[in-house]
Each structure stands twice: as structure tokens, then as C-alpha cells.
Amino acid sequence: MNHEVLAPAGPLSSQIAQLFWIFVGVAAVVYLVVIGFLVAALRRRNEANARTAVRAVSVAVGITSVILLGLGLSDFFAQRVIAATPKDPLRVRVTAHQWWWEIEYSDGQPSRRVRTANELRIPTQRPVELELTADDVIHSFWVPSLQGKKDLLPGYTTRLDLVASRPGVYEGQCAEFCGFQHAHMSIDVIALDPEEYSRWYDAQLASAPEPSDPVALHGREVFMGSTCVMCHNIQGTDASGSVGPDLTHVAGRRRLAAGTLPNTLVNLAGWIRDPQAVKPGTRMPATQLSGEDLAALTTYLSELR
Ligand code: CUA
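What counts and how
- Each chain carries its own residue numbering, running from 1 in the direction its sequence is written.
- Whole-chain, interface and lining totals are the exception, using all residues; otherwise, since this is a predicted model, local features are given only for residues with pLDDT of at least 70 and side-chain atom pairs are given and counted only at 80 or more.
- The side-chain quantities take in all heavy atoms of the structure and omit both hydrogens and water.
- Numbering goes from the N terminus for both helices and strands, where a helix is a DSSP run of H or I of at least four residues and a strand is a run of E of at least two.
- Between two residues, a contact is recorded if the distance between any of their heavy atoms is within 4.5 Å.
- By definition, a salt bridge exists where a carboxyl oxygen of Asp or Glu is found within 4 Å of a side-chain nitrogen of Lys or Arg.
- Accessibility here uses a 1.4 Å probe with only protein chains present; expressed as a share of the type maximum, an area under 20% marks a residue as buried, one over 50% as exposed, and anything in between as partly exposed.
- An automatic or database domain assignment provides the domain bounds reported here.
- Criterion used throughout: strands pair if DSSP finds at least two bridges between them.
- Where helices are involved, their axes are fitted lines through C-alpha atoms of the stretch in contact, as for all axes, and angles between N-to-C directions lie from 0 to 180°.
- The scheme is simple: roughly parallel for angles under 35 degrees, roughly antiparallel for over 145, roughly perpendicular for 65 to 115, oblique for anything else.
- Gly falls in the polar group here, along with every residue not listed as nonpolar (Ala, Val, Leu, Ile, Met, Phe, Trp, Tyr, Cys, Pro) or charged (Asp, Glu, Lys, Arg).

Moving on, we get to the environment of Gly 281. Residue placement: Gly 281 occurs in the loop between helix 7 (275-278) and helix 8 (291-302). For Gly 281 and Trp 99, which are 182 residues apart along the polypeptide, the C-alpha to C-alpha distance reads 9.4 Å. If near-sequence neighbours (up to four positions away) are discounted, Gly 281 is found in contact with Trp 99, Phe 180 and Gln 276.

Structure representation (C-alpha cells):
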């Protein structure tokens, strides 16, 4: 698990980390030199001579200008790398909602588009171009190991490129206060080897699997007969809501409710029964279900890999 600005896992975040260390290094040296001169000046205060003072200040101003120019240039060159337009990027649209992330993989063929939520899987070594927008208020996409922050604005699209050099799970967090559950708005970026990524992607294209036993089958009936279908989509069934996360492959995700809980059977059942207890303010309403129906529903959802 990686969630660190100074542990870059890609060329773009490396630029940012490098820039940080250059600025810290230069500032530390300048600080030490200034303190050194201050101590020396205090010791020899009576020997001060107007001409030496003017010369010293002039030299210091010159050095300061060179340092500032140098820092400005290193910033400029880092920006150029970060803002460069990538070649043949994987295009993904990310829409922020209060309080979850909707993820749509673009493809020329509409039948090859994939929708998921709160978990962005990407191939390593290939640039990913994110088109970012928001549904309600301003959010901010921030996965520190891979890139800097970028705001998501309602009615407007911003762009952010990601590149992961090596496989891993890189955690991100909404970085703009967006309401009550701002703190529970995590995103997982999972970088996979290109072949593994292709396998995952092809599996995502498939419709939800058929329930494997009578309990799961009953769970699907519970789902289709409840208000769940108003908000959620499950590909291959009648559920086609788009207000909440797509659940076609929900069991394959690491966490529930945008990083609030690990995706386990018990957590899933607790989340469905009383979402407000888990994430107060969430737009997901509680569901009135008998214990048996809830267990069946959870079983069904846990099979949606
Ligand atoms: Cu979304 Cu803070």
C-alpha cells in the first residue's frame, strides 16, 4: 500500500519529488549560510565598514537572483515533463460524486466500454489520461505516489495524466473539502502488468455471472425487487440505475463505500442494512430486509466478480 508524496512510483511523481528535494536542499543551504553570516556579523559588529557592507549586500543580491532563477528553471522543466501530452494514452473518465468516484474506460467501440467505481485499474508503463469532472461540488483527485492534485469541477472537464512504472496499489484521497463524508472518499489506483490488465479488462466486459445456488438466486430476486435497482446497474440484469456505483463486478473490488470498509461479506451486509451508521450523510438509503433476505442478497453480490 502506497500513499506517499516522496515515494514516487512513476516518472511524473518522480519529477515532483525531485523538485521537492531541490527546493529543500537549496533552502537548507541558504538558511545555514545566512545564519553563519548573522553570527559573524554579531561578533564583529564594531568593525563594520560602510563600503564592505554595500559590497556584501550587492553580492548577496546577485547570488539570490541566480538561485531564484535556478529554482524557477527547475520548476519550469519539471512542469514541462508533467504537462506533456502523452502518446497513445489509455483514456478514462472520472466523475466525482458526494462521496464516491465513478470510473468509465473509453473505447472507440461502445461495447468495449467499462464502468466501475472507486477503483482505477491501469496497466504499468502506459500513460493514462484522466478526464476529470464532478457531479455536484468541487472535489480533488490526489494519488500522491503517481501524480499531483487536480480539481474536479462540476460542468467542466480537467485533464490529468498518470503513469505507473511498477505494479502496486496506490491509494488516493479526495483532497478538496466536499461535504460531510469528504474523509471517506478514497480511490485505489491498482497498477497491473499489461497482460494482467488485459485479462482484468476482458473480465469486466462480461455481464454479471448467473447466481450459483438457490440462495444467491434468491438474493438476486431480492435485489431486483427492492429499491436497489433504482440507483445501481448490474450488467445482464434489469438493474440499470446510474445514481450509485455500478455493481456488475462489485465483489472484485478491494473496499466498500469509497474506501470506508474492506470488502468482506460482513461489512457488505452491515453497509446494506444501515449505510447511515457506516457513513453518515451518504445518499444510499437503508434497506428494510429480513435477516434471510439480507444474507441472500449479500451472497448474491459477493458472487459478482
Ligand atoms: Cu470529494 Cu472531498
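Okay, the pattern of salt bridges next. Scanning the model with the defined rule gives 15 salt bridges in all. As a salt-bridge pair, Asp 246 and Arg 115 come within 3.9 Å of each other at their nearest N and O atoms. Of the two residues, Asp 246 sits in the loop between helix 5 (228-231) and strand 11 (255-256) while Arg 115 sits in strand 3 (residues 114-117), which places them 131 residues apart along the sequence. Note on Asp 246: relative accessible area 5%, which makes it buried. Among the residues examined, Arg 115 registers a relative accessible area of 27% and is labelled partly exposed. In this structure, the salt-bridge partner of Arg 121 is Glu 119, at a minimum N-O distance of 2.9 Å. By the burial criterion, Arg 121 is buried, and Glu 119 matches it. The structure contains a network of salt bridges with shared partners spanning Arg 91, Glu 129, Arg 159 and Asp 161.

This next bit is on the domain arrangement of the chain. When the parts of a complex come together, some accessible area is lost, and that lost area is often used as the size of the interface. Here the chain is described as being made up of domain 1 (11-83), domain 2 (90-205) and domain 3 (214-302). Between domain 1 and domain 3, the C-alpha centre-to-centre distance is 57 Å.

Taken in spatial order, the 5 strands make up an open sheet running 3-2-1-5-8, and their pairing is mixed. Across the chains shown, the open sheet's two edge strands, defined by having one partner strand only, are strand 3 and strand 8 (158-162). The sheet shows a mean angle of 25 degrees between the axes of neighbouring strands, direction not considered. With 7 bridges joining them, strand 1 (residues 90-97) and strand 5 (residues 128-134) adopt parallel strand pairing. Looking at strand 5, one finds that Val 92 is bridged to Leu 130.

The subject of this paragraph is the environment of His 182. Summarising the element assignment, His 182 is placed in the loop between strand 9 (168-173) and strand 10 (186-192). His 182 sits in the buried class, given a relative accessible area of 18%. Apart from the residues lying within four places of it in its own chain, the contact partners of His 182 are Trp 99, Gln 173, Cys 174, Ala 175, Glu 176 and Phe 177.

Here we take up the packing of helix 1 (residues 11-43) against helix 2 (residues 50-83). Axis separation between helix 1 and helix 2 bottoms out at 9 Å; the angle between their running directions is 170 degrees. The angle between helix 1 and helix 2 falls in the class roughly antiparallel. On helix 2, the residues that touch Leu 12, Gln 15, Ile 16, Leu 19, Ile 22, Phe 23, Val 26 and Val 30 of helix 1 are Ile 67, Leu 71, Ser 74, Asp 75, Ala 78, Val 81 and Ile 82. A class-by-class count of the residues in the contact of helix 1 with helix 2 yields 12 nonpolar, 2 polar and 1 charged.

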